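Each chain, written out:
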Amino acid sequence: MAARYRWASLALCSLLAFASNVLAIGQPTCVAFKSSHSTFPVVQNRKATPIILSPDEWPGVQRTAFDFASDIEQVTGVKPALKNVTSPHPSYSSYGSSVIIVGTLGKSSLIDEVVNRTKLDVSSIQGKWEAYLTKEVANPLPGIKSAYVMIGADKRGTIYSLYDHSEQFGTWFTALGCLLRRSLRSRNIGVSPWYWWADVPATKHTELFVDSSGCSHGVPTVKYRAIFLNDEQPCLQNWAFGKFTNGTGAPLTGSPFNHFFYTKLFELILRLKGNYLWPAMWASGFGLDDPLNQPLADWYGIVMGTSHEEPLMRSTPVEWDLLGTGPWDYSVNAQNIYNYWVEGAERSKNYENMITIGMRGAGDLPLPAGEGIPLLEKAIKDQRGILMNVFNVTDVTTIPQVWTLYKEVQGYYEDGMQVPDDVTLLWSDDNWGNIRRYPLVSERNRTGGAGVYYHVDYVGQPRDYKWITSSQIEKTFEQMSAAVARDATRIWVLNVGDLKPYEMHSEFFLTYAWDADRWTPTNIGSFVHSWAKREFDLDDSDAAEVAGIIHNLTRHNARRKPELMNSTIYSLTNYREAENVLTMLQNLNVSSTRIYNKLPSQTKPAFFQLVYHPVHASLILTHMYIAAGLNNLHAWQGRVSANDYLAQVEYLFEQDYALELDYHGILDGKWNHMMDQTHVTYFPDYWQEPQVNSMPYVTKVQSKKMPRNGAMRIIPEGTQGAWPGDNIHNCPAGYGCSDPTMTIDPYVPAGNRYVDVALGGIHGFDFKVTSNVSWVKISPTSGSLSTDHPDQRVFLDVDWDQVKGVEAAHLIFNATAPTQFQEWRSVVPPGYPSPTVVVSVTLIANHTVAPSDFKGFVEGDGTVSIEAAHAARNTTVKGLTWTELPGLGRTLSGVTPWPRGGDELNFTAGTGPSIEYDFYLFNTVAQGGNVTITTLVSPALNGLGDDRPLGLALQIDDGEAQTKYFVPSATAGNLPDGWDGMDGWVANSIIEVPMVFQVQPGAHTLKVWMIEPTVVVQKIIIDTGGVLPSYLGPPESIRFRV
């Protein structure tokens, strides 16, 4: 809990440093709610300033102006007049002395008249893709005293100027630092881009003004910014059938994705500063299903495209299966496929498109073996000929085209396939958020440029993930910042699956693509804070808490996708890992419930969808799996409480479905079916979704029969065994085992040990715990167990002032019951009475002591575990410094050389930037003078090619540095060994890089040297012989005197 609030405080501090010039998320300020000498009234004294446009304006701008007027009405209750005005005109006084003038430079005769009349300087946007400016202008037209002009360099520039004003919000504040008193005041226009898609209500204001100086935006970082609807069955398709059809889909495909659906989506994309769409393609054909789909996309201002497997604007294989002739094989059926492509080009030629070229085999599979490169080169040559003929141009380079280097297609390119220079190369990630390759320096001068196809949803190996949000924006920032640095900024496409529940991540992706320069490692956390304020109209404290909730939730789901969860992923015995994970989620649920309950009724549906549901759903699923694991473990240990965990699993399984119904029922079923995705209990070693949700495997113990070894079960921390009796985990032989022994030292992160006392049968009992030494503090020292209270945890603390060196304590767990079975007795030390059941536990306390002048991490529990951000020193070489990426990764954050840089510098060990950690050892592995240092690195691929494999170097003190390249080469278009499988890099969301060093006990310094860029180090584990199996590794060691 405390960690969550620490993170929220850091996020708020980051926001305060960033918010002085930010209003809309990542955008400059232009809105006010009080009149001043430097503001222009939009609504004042219940009167709205009219909005005027020219009749020759783009239809998409005309339509957006209507949205803009409606947004103002939503906020203020007053709707401005919206009028088309012919220019030139002798006098415009009939429209009022003050107006808002909207238009596109060079398209709107009204705007051109204003510019010519006032000599307004528009050089900052003229001829610049999607740029805009707004400002107050005096005497813009005859009869008008003042106008607020909103001018776009092109159609979408004008559209974005309108939507940007609709969305804007910001913070006025005075702050001398995060420890000083702040005065903050929210300023929200309150029309979220998600007002329809997530039911975010508008924030109300009686008056609305804009700054006279206005605001502006230049050319976006990424030219084409897209989302891709994919994997849309069962959720999106089923929902759309109910929402946008009368039960009957498109005539040929049955698809529900008609123009009623797409116009809602077009508006959302534009409000999010996107401009490009790959439409739904499972059993759907965008240009086939509804004849209004394509013209309306163009009318709205959306650039249409198709996915990597759908050349020349045809939904393939859907349209081919319906209308094509013969096999989808260009080597044997070229003419029929050629004719099919011609029809696609003809159908789309009148609209703004980005044409996908190339092809894959039938079913989105590779082309026939041995035919890939020559066949694909011929197909692309023919496709470009089709474009020249259909578009009636002699220069095909004027038609935007993209070739997606997806899977084996990347291999064709790297094996020498020639592609025209004007075609954009769209590099892909591995479907799990790790970009396979970036443009090399030699590839960055191509006229077509490069881009990235990225995923937050996927169907395929090693497992589908499409149920709930499970990607970190911090990871996306880390990967896409490297893409920006390497000029992969022509096209970005995000595979968003059903779109919901990836709302926030989709917005972040498009926001970063819109203006990457505004976002840095130090302010990335402010995005979620700003998003929470806008969506839910929260104060800064609650917004910071929501930011912490989202941060921890997405960390949890990203470090192990929910679809990859099972009952033993998190250790049930070591480092209290499973219970800590569960406690974290329970705290998030408490926080989200508290905020949900205090919100006004109109805001609750949005909060439910965007925060409460993903938190609660993740808690239910994780709790269910952990409870199933404990059920099986406790049954193995002979504990009656196994049956309680069985009941928990059954209850949680039903709660999972009940929460799904709650989601489907909000707002009278508006989102019915959107959570239809199955997600509980995937089959082992199989990637595809289960046909139905099925409860995790559980068992039951016979609680009515007396166990043969007595009613009391003793389970020390860190073991799957149980005493008394035989258990394979009690000792290697599995029988005749001695009583358990535990160890503890002053630097154990938890600070204590525990022993579980458990009921093993129908009869309850009383127990007492005694010790032969005074330095063990036992809590509690006695208790009573029954079927209603079958377990009691007994904590063992040590008074280290009483312990000299290594000492042992003998703890006696003494159970008495009225009808105790006496077949087996533990060996009891002399001098102790012989009760019905007794188990002796030995606690060995090793009072290790670090020198008084040491500062750094101290070995405890046989390990030193270090979060990479907690360095003692850092160096800079050639402008590169190891820099923290807050929030990234499985446990705390990551560190990486920054800036990402396009110079592609690399180093040999000892010559580049380093980051250092001081640590103190008492032991080595088996006291043999060796330790194993495992560096936990974020999953990544050799983005600069396999001849530049990712690597790092470690050095202890002044010893010889070791360099390790940890991503092996892969055959062209394939992924490296270690990537795949249920225990692979992407499944575990980590790469482990072990190295063995000779090192003796004492104080040491570990140096991590940069070898290659884009390596992200999350955690370092130094194993002196005590590291135990777990998913996240040992918790961070005690950091001494820091």
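Overview of the structure. (Residues numbered from 1 in each chain as written. Predicted model: local features only at pLDDT ≥ 70, side-chain atom pairs only at ≥ 80, totals over all residues. Heavy atoms only, no water.)

Comments concerning the state of the cysteines
Chemically, a disulfide is nothing more than a covalent bond linking the sulfur atoms of two cysteines.
Consideration 1: Considering all chains together, one arrives at 2 disulfides under this definition.
Consideration 2: Sulfur-sulfur distance for the disulfide between cysteine 30 and cysteine 215 comes to 2.0 Å. What sets the handedness of the cysteine 30 and cysteine 215 disulfide is the S-S torsion sign, and at about 60° it is right-handed. Of this pair, cysteine 30 sits in the loop between α1 (2-18) and β1 (31-32) while cysteine 215 is found in the loop between β11 (208-211) and β12 (216-217), placing the two residues 185 residues apart along the sequence.
Consideration 3: Note on cysteine connectivity: cysteine 731 is disulfide-linked to cysteine 737, with sulfurs 1.8 Å apart. On the S-S bond that ties cysteine 731 to cysteine 737, the torsion sits near -65°, and the link is left-handed.
Consideration 4: According to the relative accessible area criterion, cysteine 731 is buried, its value standing at 19%.
Consideration 5: Take cysteine 737: its relative accessible area is 15%, and that puts it in the buried class. (Disulfide = S-S within 2.5 Å. Helix = DSSP H or I, 4+ residues; strand = E, 2+ residues; numbered from the N terminus. Buried < 20%, exposed > 50% of the residue type's maximum accessible area, 1.4 Å probe, protein only.)

Considering the packing of aromatic side chains
Consideration 1: Under the counting rule described, the total for this entry stands at 55 aromatic pairs.
Consideration 2: Look at tryptophan 328 and tryptophan 341: their rings are 6.2 Å apart centre to centre, the planes differ by 85°, and that puts the pair in the edge-to-face class. Placement of tryptophan 328 in the loop between α9 (318-323) and α10 (334-348) and of tryptophan 341 in helix α10 is noted, with a sequence separation of 13 residues between them. By the burial criterion, tryptophan 328 is buried, and tryptophan 341 matches it.
Consideration 3: Aromatic side chains phenylalanine 508 and phenylalanine 527 sit 5.2 Å apart centroid to centroid with 80° between the ring planes, which places their arrangement in the edge-to-face category. (Phe/Tyr/Trp six-rings, centres within 6.5 Å; stacked < 30°, edge-to-face > 60°.)

Some words on empty space enclosed by the protein
Gaps left between atoms show up when a probe the size of a water molecule is rolled over them.
Consideration 1: Applying the stated criterion to the full structure yields 13 cavities of 30 Å³ or more.
Consideration 2: Reported here for the largest cavity is a volume of approximately 280 Å³.
Consideration 3: If you go around the largest cavity, you meet 22 residues; those closest to its centre are Trp432, Lys475, Ala558, Lys561 and Ser989.
Consideration 4: Looking at the lining of the largest cavity, the elements with two or more residues in it are β19 (450-455), α13 (473-485) and α16 (540-559).
Consideration 5: A per-class count over the lining of the largest cavity returns 7 nonpolar, 11 polar and 4 charged.
Consideration 6: In this structure, the second largest cavity spans a volume of roughly 140 Å³.
Consideration 7: Along its surface, the second largest cavity is lined by 15 residues, and Thr469, Pro501, Met504, Ile550 and Leu610 are the ones closest to its centre.
Consideration 8: Put simply, the parts of the chain that give the lining of the second largest cavity at least two residues each are α14 (503-514), α16 and α18 (604-636). (1 Å grid on protein atoms, 1.4 Å probe; cavity = no way out; pocket = protein on both sides within 12 Å on 5 of 7 lines; lining within 4 Å. Points joined across faces, edges and corners; volume = space filled by probe spheres on them. Nonpolar A, V, L, I, M, F, W, Y, C, P; charged D, E, K, R; others polar.)

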